[in-house]
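Take a look at the letters that make up each chain.
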Amino acid sequence: MDYVNEGDTVVVRLDPGEQVLDSLAAVRDELDIEHGFLTGIGAVDAVTLGHYDVNDQEYLEEEFTGQFEVTSFLGNIGPDKIHTHIQVGTRDFETLGGHCSGARVSGTFEVVIHLGETPLTHHLDERTGLDVFDI
C-alpha cells in the first residue's frame, strides 16, 4: 500500500493480496482521519457483500470469489467506523453489489478520500438498528 496526503485529499493505492478495509483503517489511523468520503475502483478476487434487512434489523452477508472488476466503491470514513458499499462486475458482465464487509485486492485498488470538517462519529438509531451519523 502507498498513499499521498495532499491536505484535504488522500490518494491511496492498494496492492494484490491486501484487504481493502484493513488497509483503509491503517491509513485512517496513521493520518488521524476523523471525517472523509471515499470513492474507488480496482480489482478484487474475494468480496463479502451485505444487505441490511430493516425489518429484522440484521445484515445478511455472502462471500463471493472469482475475478471481479470494481465498478464502484463508495463510502465514508470516521474515527469509529468505515462504511462502504461496493459494486463488482463479473467476466460475464453481470454485477453484484451491496454493503462491503470485506474485499481482497487482486490487481490494484485505487481510492481517493476527500476530507471534511465534521467528525463522522456514529450512534445507534433505535428505529432502524443502524449506526448513523451523530450530527
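The paragraphs below set out a description of the structure included in this document. The structure displayed is predicted, hence computed values, not measured ones.

## Thoughts on the side chain of threonine 84
Part 1 of the reasoning: Mapped onto the elements, threonine 84 comes out in strand β5 (residues 82–89).
Part 2 of the reasoning: The contact partners of threonine 84, leaving out residues within four places of it in the chain, are Leu21, Leu38, Phe73, Leu74, Gly75, Gly98, His99 and Cys100.

## With respect to the environment of glycine 116
Part 1 of the reasoning: Structurally, glycine 116 is set in the loop between β6 (95–115) and β7 (122–125).
Part 2 of the reasoning: Taking the C-alpha atoms as reference points, glycine 116 and isoleucine 33, separated by 83 residues in sequence, lie 9.4 Å from one another.

## Brief notes about the pairing of β6
Part 1 of the reasoning: Bridging between strand β2 (residues 9–14) and β6 involves 6 bridges; their strand directions are antiparallel. Each bridged residue has a counterpart across the sheet, and for arginine 13 the counterpart in β6 is glutamate 110.
Part 2 of the reasoning: One ladder, built from 13 bridges, connects strand β3 (residues 36–53) with β6; its direction is antiparallel. Within β6, the residue paired with leucine 38 across the bridge is isoleucine 113.

## Focus on the pattern of salt bridges
Part 1 of the reasoning: Throughout the structure, instances matching the rule amount to 6 salt bridges.
Part 2 of the reasoning: Between aspartate 45 and arginine 104 there is a salt bridge, with the nearest N and O atoms lying 2.7 Å from each other. With aspartate 45 in strand β3 and arginine 104 in strand β6, the pair connects residues that are 59 residues apart, well separated along the chain.
Part 3 of the reasoning: A salt bridge links lysine 81 to aspartate 131; the nearest nitrogen and oxygen atoms lie 4.0 Å apart. Taken together, the residues lysine 81 in the loop between β4 (58–77) and β5 and aspartate 131 in strand β8 (residues 130–133) connect sequence positions 50 residues apart.
Part 4 of the reasoning: Aspartate 131 gets classed as partly exposed once you look at its relative accessible area, which sits at 41%.
Part 5 of the reasoning: Salt bridges here are not isolated pairs; linked through shared partners, they connect Asp2, Arg13 and Asp15.

Scoring rules and cut-offs
Residues numbered from 1 in each chain as written. Predicted model: local features only at pLDDT ≥ 70, side-chain atom pairs only at ≥ 80, totals over all residues. Heavy atoms only, no water. Helix = DSSP H or I, 4+ residues; strand = E, 2+ residues; numbered from the N terminus. Contact = heavy atoms within 4.5 Å. Pairing = 2+ DSSP bridges. Salt bridge = Lys/Arg side-chain N within 4 Å of Asp/Glu carboxyl O. Buried < 20%, exposed > 50% of the residue type's maximum accessible area, 1.4 Å probe, protein only.

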